[in-house]
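One-letter residues, chain by chain:
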Amino acid sequence: MKAMVLKKVSPIGEKPLELEDWPIPAPGPKQILVKISACGVCHTELDEIEGRLQPRLPIILGHEIVGRVESSGPEVNKFQSGDRVGIGWINYACGKCRFCRDGNENLCSEFQGTGCHANGGYAEYTIISEDFAYPIPDRFSCSQAAPLLCAGAIGYRALKLTGLRDGQILGLFGFGASAHIVIQIVKHKYPNSKVFVFTRPRQQKHQDLAGKLGADWVGATGDTPPAKLNCAIDFTPAWKPVVEALRVLEKAGRVVINAIRKEETDKESLLKLDYPTHLWLEKELKSVANIAKSDARDFLPLAAEIPIIPEIQEFSLEEANRALTLLKQGKIQGAGVLKMPE
Ligand SMILES: [Zn+2]
Ligand SMILES: [Zn+2]
């Protein structure tokens, strides 16, 4: 099979992914072999390629995979050949520990990430346990469904962790791929809730999109909104929005940070954390890490029902380096997706 392979950490400008011919993997017990139709291109791949995250090497990247079941190993009973399935970041968890038993496989200490610890979707085929594959609703093309498996599913989990109830006010700090999906979920599931969106100053395009998607108020981080927030999600790489979210948070409110890393350079913002202003009166701060099985499984049918149809720009598998370069430069319209030949 054709695969775009990362062998060593290097800047994306050096086109580090190499086209290689690899054997098609054989599915083991409970595993399915998936013929890949589409794989989304994500910022996490840039982190892996450029060394901010450490993948196993050599590795086939890619964790927003949609394809069809080609064949099955022994003991597979959830899928049949020809079924259309999606695969996200969660590739493996032990299934036995306390976190797995609670449905938080994302916190399992044996957690493995697709396209990081296990080979992913920048290829023609991949294998996955049937427990970590999800049916794809008919409403989506393969390319449309791919981005939902990352930005969509993690946005869904972040929203779940806020504990938002209908009628409460939610703040969104940063308005990229995940946030613009979250606002559509909120408008659908919590019709009496208000959503306040905070962007960087003068991010007119993001602010306009937020307005179009139903934001009840749009401003810049640091602005004081018309009412206090019951909960908030921070999607930014910086600390300042977290401190600001806590400042404008209602008593007993909760801020959820949806970011793998925070910029070291913005640490001085944290020093502005003032106990009476930002935390007193039972305010909470927590992070969201990866996704659990149930997040992808529950989010996909909800996205079809709303519907949330991502805007996509397609590339061929061989164009992976170019797609990632454009992603880094912020030049992709919507979400970038590698489309495999039928
Ligand atoms: Zn991703
Ligand atoms: Zn476990």
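Since the structure is predicted, the reported quantities are computational estimates derived from the model, not experimental observations.

Of the consecutive residues Leu57 and Pro58, the connecting peptide bond is found in the cis state with omega at -10 degrees. Mapping Pro58 onto the fold places it in the loop between α1 (43-49) and β4 (59-60). The step from Ile306 to Pro307 runs through a cis peptide bond, and the omega angle for that step is -15 degrees. Summarising the element assignment, Pro307 is placed in the loop between α10 (293-305) and β17 (312-316). Backbone geometry places Lys30, a non-glycine residue, at a positive phi of 65 degrees. Within the secondary structure, Lys30 is located in the loop between β2 (17-21) and β3 (31-40). We classify Lys30 as partly exposed; it has 17 C-beta atoms within 10 Å. Within the chain, Asn290 stands out as a residue other than glycine whose phi angle is a positive 55 degrees. The buried category is assigned to Asn290, around which 21 C-beta atoms lie within 10 Å.

What follows is about the sheet that holds β4. Strand order across the open sheet formed by 3 strands is β2-β1-β4, with antiparallel pairing between neighbours. At either margin of the open sheet sits one strand with a lone partner, and together these are β2 and β4. In terms of strand pairing, strand β1 (residues 2-6) meets β4 through 2 bridges, oriented antiparallel. Following the sheet pairing, Leu6 is matched in β4 by Ile59.

Another point: the environment of Val69. Topologically, Val69 is positioned in strand β5 (residues 65-72). On the basis of neighbour count, Val69 is assigned to the buried category, with 22 C-beta atoms found within 10 Å. It is 9.4 Å that separates the C-alpha atoms of Val69 and Ile127, two residues lying 58 residues apart in sequence. In contact with Val69, not counting residues within four places along its chain, are Ile32, Val34, Phe79, Gln80, Ser81, Gly82, Asp83 and Val85.

Examined at the domain level, the protein breaks down into domain 1 (2-139 + 309-339) and domain 2 (153-287). Distance from the C-alpha centre of domain 1 to the C-alpha centre of domain 2: 29 Å.

Relative to each other, helix α4 (residues 151-162) and helix α5 (residues 177-189) sit at 60 degrees, their axes nearing to 8 Å. Relative to α5, α4 is oriented oblique. When the axes of α4 and α5 are compared, the crossing they make is right-handed. Facing Ala151, Gly152, Ile154, Gly155, Tyr156, Ala158 and Leu159 of α4, the residues of α5 in contact are Ala177, Ser178, Ala179, Ile181, Val182, Ile185 and Val186. Looking at the contact of α4 with α5 residue by residue, the classes come out as 11 nonpolar, 3 polar and no charged.

Here is what the cut-offs are and how they apply
Residues numbered from 1 in each chain as written. Chains lettered and ligands numbered in written order. Predicted model: local features only at pLDDT ≥ 70, side-chain atom pairs only at ≥ 80, totals over all residues. Helix = DSSP H or I, 4+ residues; strand = E, 2+ residues; numbered from the N terminus. Buried ≥ 20, exposed ≤ 12 C-beta atoms within 10 Å, placed from the backbone. Pairing = 2+ DSSP bridges. Contact = placed C-beta atoms within 7 Å. Domains from an automatic or database assignment. Axes fitted to C-alpha atoms, helices over the stretch in contact; angles between N-to-C directions. Parallel < 35°, antiparallel > 145°, perpendicular 65-115°, else oblique. Left-handed = near helix turned anticlockwise from the far one by under 90°. Nonpolar A, V, L, I, M, F, W, Y, C, P; charged D, E, K, R; others polar.

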